[in-house]
Amino acid sequence: QVQLVESGGGLVQAGGSLRLSCAASGSIFSINLMGWYRQAPGKQRELVAVITSGGSTNYADSVKGRFTISMDNAKNTVYLQMNSLKPEDTAVYYCNAGVIIATMRSLIYWGQGTQVTVSS
């Protein structure tokens, strides 16, 4: 089994910053990619940013230039630095990982989510 544990959410004023972390642990052979998704009340879950183990990144247009995703391959940890936060960034943020487990199966795992609230 693989577990994803997120941290770093909270309440911040508009224009502020937060840094989310997500650490993967368990029967991991390798991680192909990790990412962050978010879901606001009444809306569908949407991609925020993803990063491959080789360092390639992709961002939602709404966060380009404000959010930065990075990954520490040695620690199986992904980070999301969020700057210039806006009230519309308020959501539950979920970590996601594409993992090859010890049995060589490729699976997708999700974290439990962490709340980010941006006040105006």
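Above: the structure in question.
Sequence positions are assigned chain by chain, starting from 1 and proceeding in written order. Restriction of local features to residues with pLDDT of at least 70 applies here, the model being predicted, together with a cutoff of 80 or more for giving and counting side-chain atom pairs; totals for whole chains, interfaces and linings are based on all residues. Excluded from the side-chain calculations are hydrogens and water; all other atoms, namely the structure's heavy atoms, are used.

Quick question: what am I supposed to make of the packing of aromatic side chains here?
Side-chain rings of Phe, Tyr and Trp (the six-membered ring for Trp) are treated as a pair once their centres are within 6.5 Å; stacked means planes under 30 degrees apart, edge-to-face means over 60, and tilted covers the remaining angles. This model, assessed by the stated rule, comprises 1 aromatic pair. Ring geometry for Tyr37 and Trp110: centres 5.0 Å apart, planes at 65°, overall edge-to-face. Residue Tyr37 is located in strand 4 (residues 28-39), and its partner Trp110 is located in strand 10 (residues 106-110); the two are separated by 73 residues in the primary sequence. When a residue's accessible area, from a 1.4 Å probe over protein chains only, is under 20% of the maximum for its type it is buried; when over 50% it is exposed; and in between it is partly exposed. The class for Tyr37 is partly exposed, based on a relative accessible area of 22%. You can call Trp110 partly exposed: its relative accessible area is 39%. Criterion for a charge above a ring: Arg CZ or Lys NZ at most 6 Å from the ring centre, at most 35 degrees from the ring normal. In this structure, Arg19 packs its charged tip against the face of Tyr79, placed 4.1 Å from the ring centre. Only runs of H or I of at least four residues qualify as helices and only runs of E of at least two qualify as strands under DSSP, and these elements are numbered from the N terminus.

Would you explain the state of the cysteines in this entry?
Covalently bonding the sulfur atom of one cysteine to the sulfur atom of another cysteine gives a disulfide. Disulfides are defined as pairs of cysteine sulfur atoms found within 2.5 Å of each other. What the rule picks out here adds up to 1 disulfide. Put simply, Cys22 and Cys95 are joined by a disulfide, and their sulfur atoms are 2.0 Å apart. Disulfide Cys22-Cys95: the torsion about the S-S bond is -80°, which places it as left-handed. In this pair, Cys22 is assigned in strand 3 (residues 18-26) and Cys95 in strand 9 (residues 91-101), connecting sequence segments 73 residues apart. No difference in accessibility class separates Cys22 from Cys95, as the two residues are buried.

What should I look at first to understand the pattern of salt bridges in this one?
When charged atoms on two side chains of opposite charge get close, those side chains can pair. By definition, a salt bridge exists where a carboxyl oxygen of Asp or Glu is found within 4 Å of a side-chain nitrogen of Lys or Arg. This model, assessed by the stated rule, comprises 4 salt bridges. The salt bridge involving Arg38 is made with Glu46; its shortest N-O contact spans 2.7 Å. A relative accessible area of 5% places Arg38 in the buried class. Since its relative accessible area comes to 36%, Glu46 is described here as partly exposed. Put simply, Lys64 and Asp61 hold a salt bridge, and the shortest N to O gap is 3.1 Å. Connected through shared salt-bridge partners, Arg38, Glu46, Arg66 and Asp89 make up one network.

Help me understand the nonpolar core in this model?
Taken as a class, soluble globular proteins show a tendency for nonpolar side chains to be buried jointly. Leu4, Met34, Trp36, Leu80, Met82 and Tyr93 are the most contacted members of the largest nonpolar core, which totals 33 residues. Those elements giving two or more residues to this core turn out to be strand 1 (2-7), strand 3, strand 4, strand 5 (46-52), strand 7 (67-72), strand 8 (77-82), strand 9 and strand 11 (114-119). In terms of residue count, the dominant contributor to this core is strand 9 (6 residues). Nine residue types can take part in a nonpolar core, namely buried Ala, Val, Leu, Ile, Met, Phe, Trp, Tyr and Cys, and a core is a set of them joined through side-chain atoms within 4.5 Å.

Scope: geometric values only; no functional claims are made or implied.
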